[in-house]
Amino acid sequence: MPITNGYATRNQVKAALRIGTADTADDELIDNCTEAASRLIDGYANRQFWAVGSATTRIYTAEDDFYCNIDDVYSTASLVLKTSTMADGVFDVTWSTTDYQLEPLNQVLDGQSWSYTKIRAVGDYLFPTVNANYGSEALVQLTAFFGWAAVPAPITQACIIQASRIFKRYDSPLGVAGFGDLGAIRVSRFLDPDMQQLVEPFRRLRMFA
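What comes next is a walk through the structure. (Residues numbered from 1 in each chain as written. Predicted model: local features only at pLDDT ≥ 70, side-chain atom pairs only at ≥ 80, totals over all residues. Heavy atoms only, no water.)

**Brief notes about the side chain of Thr143**
Inference 1: Examined against the element boundaries, Thr143 turns out to sit in strand E10 (residues 140–146).
Inference 2: Residue classification places Thr143 among the buried residues on the basis of a relative accessible area of 17%.
Inference 3: Among the polar contacts made by the side chain of Thr143, one reaches the side chain of Thr57 at a distance of 2.7 Å.
Inference 4: For Thr143, the contacting residues outside a window of four places in its chain are Ala55, Thr56, Thr57, Ser78, Leu79 and Val80. (Helix = DSSP H or I, 4+ residues; strand = E, 2+ residues; numbered from the N terminus. Buried < 20%, exposed > 50% of the residue type's maximum accessible area, 1.4 Å probe, protein only. Polar contact = N/O pair within 3.5 Å; in protein donor to acceptor, adjacent residues only side chain to side chain. Contact = heavy atoms within 4.5 Å.)

**What to know about the packing of helix H2 (residues 27–45) against helix H3 (residues 153–168)**
Inference 1: Where H2 meets H3, the axes come as close as 8 Å, and the angle between the chain directions of the two elements is 125°. With respect to H3, the element H2 is oriented oblique. Two packed elements cross with a definite hand, and for H2 against H3 that hand is right-handed. Touching Leu29, Ile30, Cys33, Thr34, Ala36, Ala37, Ser38, Leu40 and Ile41 of H2 are Ile155, Ala158, Cys159, Gln162, Ala163, Ile166 and Phe167, all from H3.
Inference 2: Of the residues contributing to the contact of H2 with H3, the split by class is 13 nonpolar, three polar and no charged. (Axes fitted to C-alpha atoms, helices over the stretch in contact; angles between N-to-C directions. Parallel < 35°, antiparallel > 145°, perpendicular 65-115°, else oblique. Left-handed = near helix turned anticlockwise from the far one by under 90°. Nonpolar A, V, L, I, M, F, W, Y, C, P; charged D, E, K, R; others polar.)

**Re the nonpolar core**
Inference 1: Counting 23 residues, the largest nonpolar core has Ile41, Phe49, Ile155 and Val199 as the members making the most contacts within it.
Inference 2: For this core, the secondary structure elements donating two or more residues are H2, H3 and helix H4 (193–199).
Inference 3: Discounting chain neighbours no more than four positions away, the residues touching Ile155 are Tyr7, Ile41, Phe49, Val199 and Phe202.
Inference 4: With 20 residues, the next largest nonpolar core counts Ala62, Leu102, Phe127 and Phe146 among its residues. (Core = buried A, V, L, I, M, F, W, Y, C linked by side-chain atoms within 4.5 Å.)

**A closer look at H3**
Given 3.6 residues per turn, any residue in an α-helix points the same way as the ones three and four places further on.
Inference 1: Over its 16 residues, H3 runs 23 Å from end to end, which matches the ideal 22 Å to within 8%, given 1.5 Å per residue.
Inference 2: Buried within H3 are the following residues: Ile155, Thr156, Ala158, Cys159, Ile160, Gln162, Ala163, Ser164 and Phe167.
Inference 3: Structurally, H3 contributes buried residues whose contacts are with helix H1 (10–16), H2 and H4. (Expected span 1.5 Å × (residues − 1).)

**Details of unusual backbone geometry**
Inference 1: In the segment running from Glu103 into Pro104, the intervening peptide bond is cis, with an omega of 5°.
Inference 2: Mapped onto the elements, Pro104 comes out in the loop between strand E4 (100–103) and strand E5 (108–109).
Inference 3: The phi torsion at Ser78 lies on the positive side, around 65°, for a residue other than glycine.
Inference 4: Secondary-structure assignment places Ser78 in strand E2 (residues 67–83).
Inference 5: Of the residues examined, Ser78 reaches a relative accessible area of 48% and is grouped as partly exposed.

**Brief notes about the pattern of salt bridges**
Inference 1: The tally for this structure, following the rule as stated, stands at 10 salt bridges.
Inference 2: Two residues, Asp31 and Arg10, come together in a salt bridge whose shortest N-O distance is 2.7 Å. Of the two residues, Asp31 sits in helix H2 while Arg10 sits in helix H1, which places them 21 residues apart along the sequence.
Inference 3: Its relative accessible area of 32% is what places Arg10 among the partly exposed residues.
Inference 4: The closest approach of N and O atoms between Arg47 and Asp72, which form a salt bridge, is 2.8 Å. One end of the pair, Arg47, is in the loop between H2 and strand E1 (56–60); the other, Asp72, is in strand E2, and 25 residues separate them in sequence.
Inference 5: A relative accessible area of 4% places Asp72 in the buried class.
Inference 6: The network of salt bridges with common partners includes Arg10, Lys14, Asp27 and Asp31. (Salt bridge = Lys/Arg side-chain N within 4 Å of Asp/Glu carboxyl O.)

**Observations regarding H2**
Inference 1: End to end, H2 covers 27 Å across 19 residues, agreeing with the expected 27 Å (1.5 Å per residue, within 8%).
Inference 2: Elements that come into contact with the buried residues of H2 comprise H1, H3 and H4.
Inference 3: Where H2 ends, the next residue or the one after it, Asn46, has phi of about 60°, a positive value.

This is the structure in C-alpha coordinates:
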(Lines give C-alpha, C1' and ligand atoms only; values in the text may rest on other atoms or scores of the structure.)
Protein backbone atom coordinates (compact mmCIF):
# COMPACT_ATOMS: atom_id res chain seq x y z
CA MET A 1 0.00 0.00 0.00
CA PRO A 2 1.53 3.38 -0.98
CA ILE A 3 2.51 5.75 1.80
CA THR A 4 -0.22 8.32 2.50
CA ASN A 5 0.89 11.69 3.89
CA GLY A 6 4.21 10.23 4.96
CA TYR A 7 7.12 12.29 6.26
CA ALA A 8 9.80 10.17 4.63
CA THR A 9 10.03 8.20 1.41
CA ARG A 10 10.43 4.46 1.05
CA ASN A 11 13.93 4.90 -0.36
CA GLN A 12 14.99 7.12 2.56
CA VAL A 13 13.96 4.43 5.03
CA LYS A 14 15.56 1.69 2.91
CA ALA A 15 18.81 3.67 2.85
CA ALA A 16 18.77 3.89 6.66
CA LEU A 17 18.18 0.14 6.84
CA ARG A 18 20.98 -0.47 4.31
CA ILE A 19 18.52 -2.10 1.91
CA GLY A 20 19.23 -1.49 -1.77
CA THR A 21 16.53 0.09 -3.91
CA ALA A 22 16.58 -2.97 -6.20
CA ASP A 23 15.56 -5.18 -3.28
CA THR A 24 11.77 -4.89 -3.28
CA ALA A 25 10.88 -7.86 -1.07
CA ASP A 26 9.97 -5.70 1.93
CA ASP A 27 8.65 -2.60 0.15
CA GLU A 28 5.08 -2.96 1.36
CA LEU A 29 6.21 -3.55 4.94
CA ILE A 30 8.53 -0.54 4.78
CA ASP A 31 5.69 1.60 3.46
CA ASN A 32 3.47 0.49 6.34
CA CYS A 33 6.20 1.26 8.87
CA THR A 34 6.80 4.70 7.34
CA GLU A 35 3.14 5.65 7.46
CA ALA A 36 2.81 4.32 11.01
CA ALA A 37 5.84 6.37 12.09
CA SER A 38 4.34 9.46 10.45
CA ARG A 39 1.11 9.07 12.39
CA LEU A 40 3.04 8.48 15.63
CA ILE A 41 4.77 11.82 15.00
CA ASP A 42 1.40 13.49 14.44
CA GLY A 43 0.18 12.16 17.77
CA TYR A 44 3.33 13.10 19.65
CA ALA A 45 3.51 16.60 18.14
CA ASN A 46 -0.25 17.24 18.31
CA ARG A 47 -0.15 18.58 14.76
CA GLN A 48 0.08 17.33 11.17
CA PHE A 49 2.98 18.24 8.90
CA TRP A 50 1.36 17.30 5.60
CA ALA A 51 -0.52 19.82 3.51
CA VAL A 52 -4.25 19.57 2.92
CA GLY A 53 -4.53 20.08 -0.82
CA SER A 54 -7.69 22.19 -0.81
CA ALA A 55 -9.20 24.89 1.38
CA THR A 56 -11.37 23.38 4.09
CA THR A 57 -13.54 24.86 6.83
CA ARG A 58 -13.04 24.38 10.56
CA ILE A 59 -14.49 26.07 13.65
CA TYR A 60 -12.75 27.24 16.82
CA THR A 61 -13.33 28.66 20.26
CA ALA A 62 -11.40 31.92 20.70
CA GLU A 63 -9.07 32.23 23.68
CA ASP A 64 -10.31 35.75 24.41
CA ASP A 65 -11.55 38.82 22.55
CA PHE A 66 -8.25 39.31 20.74
CA TYR A 67 -6.75 35.85 20.15
CA CYS A 68 -7.83 32.64 18.54
CA ASN A 69 -5.58 29.61 18.30
CA ILE A 70 -6.05 27.64 15.09
CA ASP A 71 -4.75 24.50 13.43
CA ASP A 72 -1.65 25.05 11.30
CA VAL A 73 -2.33 27.08 8.14
CA TYR A 74 0.32 27.18 5.43
CA SER A 75 -1.23 29.54 2.88
CA THR A 76 -3.39 32.65 2.91
CA ALA A 77 -4.92 31.75 -0.45
CA SER A 78 -8.70 31.37 -0.21
CA LEU A 79 -8.55 32.23 3.50
CA VAL A 80 -11.92 33.37 4.88
CA LEU A 81 -12.50 34.26 8.54
CA LYS A 82 -16.05 34.50 9.91
CA THR A 83 -17.62 34.78 13.34
CA SER A 84 -21.09 34.12 14.72
CA THR A 85 -22.94 36.97 16.38
CA MET A 86 -25.93 35.06 17.71
CA ALA A 87 -24.23 31.72 18.54
CA ASP A 88 -26.87 30.03 16.41
CA GLY A 89 -24.60 28.12 14.05
CA VAL A 90 -24.71 30.93 11.49
CA PHE A 91 -21.39 32.68 10.88
CA ASP A 92 -22.76 36.02 9.79
CA VAL A 93 -19.73 38.34 10.12
CA THR A 94 -16.98 38.09 7.51
CA TRP A 95 -13.71 39.70 8.52
CA SER A 96 -11.59 41.63 6.02
CA THR A 97 -7.83 41.11 5.80
CA THR A 98 -7.31 44.37 7.73
CA ASP A 99 -9.31 43.05 10.68
CA TYR A 100 -6.91 40.26 11.64
CA GLN A 101 -3.22 39.38 11.79
CA LEU A 102 -1.85 35.87 11.31
CA GLU A 103 0.97 34.74 13.59
CA PRO A 104 3.80 33.94 13.81
CA LEU A 105 4.60 36.98 11.74
CA ASN A 106 6.25 36.23 8.39
CA GLN A 107 5.66 32.51 9.04
CA VAL A 108 8.96 32.34 10.93
CA LEU A 109 9.47 31.12 14.49
CA ASP A 110 12.93 30.88 16.08
CA GLY A 111 14.49 31.03 12.62
CA GLN A 112 12.43 28.10 11.35
CA SER A 113 9.81 28.35 8.61
CA TRP A 114 6.47 27.81 10.31
CA SER A 115 2.78 27.61 9.57
CA TYR A 116 0.38 30.14 11.00
CA THR A 117 -1.02 29.00 14.37
CA LYS A 118 -2.88 32.01 15.77
CA ILE A 119 -5.13 34.86 14.65
CA ARG A 120 -5.00 38.25 16.37
CA ALA A 121 -7.89 40.71 16.08
CA VAL A 122 -6.48 44.09 14.98
CA GLY A 123 -9.34 45.85 13.20
CA ASP A 124 -13.05 46.48 13.48
CA TYR A 125 -14.02 43.23 15.22
CA LEU A 126 -13.31 41.28 18.37
CA PHE A 127 -13.71 37.53 18.71
CA PRO A 128 -16.98 36.45 20.30
CA THR A 129 -16.26 33.96 23.06
CA VAL A 130 -19.39 33.41 25.13
CA ASN A 131 -22.90 32.25 24.43
CA ALA A 132 -25.01 33.74 27.22
CA ASN A 133 -26.95 30.49 27.58
CA TYR A 134 -24.17 27.93 27.41
CA GLY A 135 -20.85 29.64 28.21
CA SER A 136 -17.84 29.34 25.92
CA GLU A 137 -18.65 28.19 22.42
CA ALA A 138 -16.97 27.70 19.05
CA LEU A 139 -17.97 30.94 17.34
CA VAL A 140 -15.05 31.33 14.92
CA GLN A 141 -15.08 29.78 11.46
CA LEU A 142 -11.96 29.59 9.31
CA THR A 143 -11.66 28.38 5.73
CA ALA A 144 -8.01 27.87 4.78
CA PHE A 145 -5.28 25.53 3.58
CA PHE A 146 -4.32 23.56 6.67
CA GLY A 147 -1.03 21.81 7.39
CA TRP A 148 2.53 22.63 6.38
CA ALA A 149 3.77 23.63 2.93
CA ALA A 150 6.84 21.41 3.33
CA VAL A 151 7.79 18.80 5.90
CA PRO A 152 10.57 20.19 8.15
CA ALA A 153 13.89 18.36 7.87
CA PRO A 154 13.91 17.27 11.56
CA ILE A 155 10.48 15.68 11.08
CA THR A 156 11.69 13.72 8.07
CA GLN A 157 14.70 12.49 10.03
CA ALA A 158 12.49 11.55 12.98
CA CYS A 159 10.25 9.58 10.65
CA ILE A 160 13.19 7.69 9.16
CA ILE A 161 14.46 6.75 12.63
CA GLN A 162 11.07 5.65 13.96
CA ALA A 163 10.11 3.78 10.76
CA SER A 164 13.43 1.92 10.84
CA ARG A 165 12.83 1.00 14.46
CA ILE A 166 9.33 -0.30 13.71
CA PHE A 167 10.69 -2.36 10.80
CA LYS A 168 13.45 -3.91 12.93
CA ARG A 169 10.83 -4.81 15.52
CA TYR A 170 9.95 -7.80 13.33
CA ASP A 171 13.37 -9.22 14.23
CA SER A 172 12.33 -9.24 17.90
CA PRO A 173 9.54 -11.79 18.30
CA LEU A 174 7.49 -11.38 21.49
CA GLY A 175 9.47 -8.21 22.26
CA VAL A 176 12.74 -10.05 22.93
CA ALA A 177 15.75 -8.54 21.14
CA GLY A 178 18.19 -11.16 22.40
CA PHE A 179 19.71 -12.69 25.49
CA GLY A 180 22.56 -11.52 27.70
CA ASP A 181 24.22 -12.54 30.93
CA LEU A 182 21.21 -11.34 32.90
CA GLY A 183 18.60 -12.97 30.70
CA ALA A 184 16.29 -11.67 27.98
CA ILE A 185 16.92 -8.22 26.51
CA ARG A 186 13.52 -6.73 25.82
CA VAL A 187 12.60 -4.08 23.29
CA SER A 188 11.61 -0.77 24.85
CA ARG A 189 7.92 0.05 24.54
CA PHE A 190 8.67 3.80 24.44
CA LEU A 191 9.13 5.99 21.37
CA ASP A 192 12.66 6.29 20.08
CA PRO A 193 14.42 8.99 22.16
CA ASP A 194 16.15 10.51 19.12
CA MET A 195 12.80 10.75 17.38
CA GLN A 196 11.39 12.53 20.42
CA GLN A 197 14.30 14.97 20.54
CA LEU A 198 13.86 15.85 16.87
CA VAL A 199 10.11 16.40 17.19
CA GLU A 200 10.15 18.13 20.60
CA PRO A 201 10.62 21.72 19.25
CA PHE A 202 7.52 21.22 17.10
CA ARG A 203 5.25 19.83 19.82
CA ARG A 204 2.05 21.73 20.34
CA LEU A 205 0.51 21.74 23.79
CA ARG A 206 -3.20 21.04 23.86
CA MET A 207 -5.40 22.34 26.64
CA PHE A 208 -8.63 20.49 27.25
CA ALA A 209 -11.43 21.62 29.52
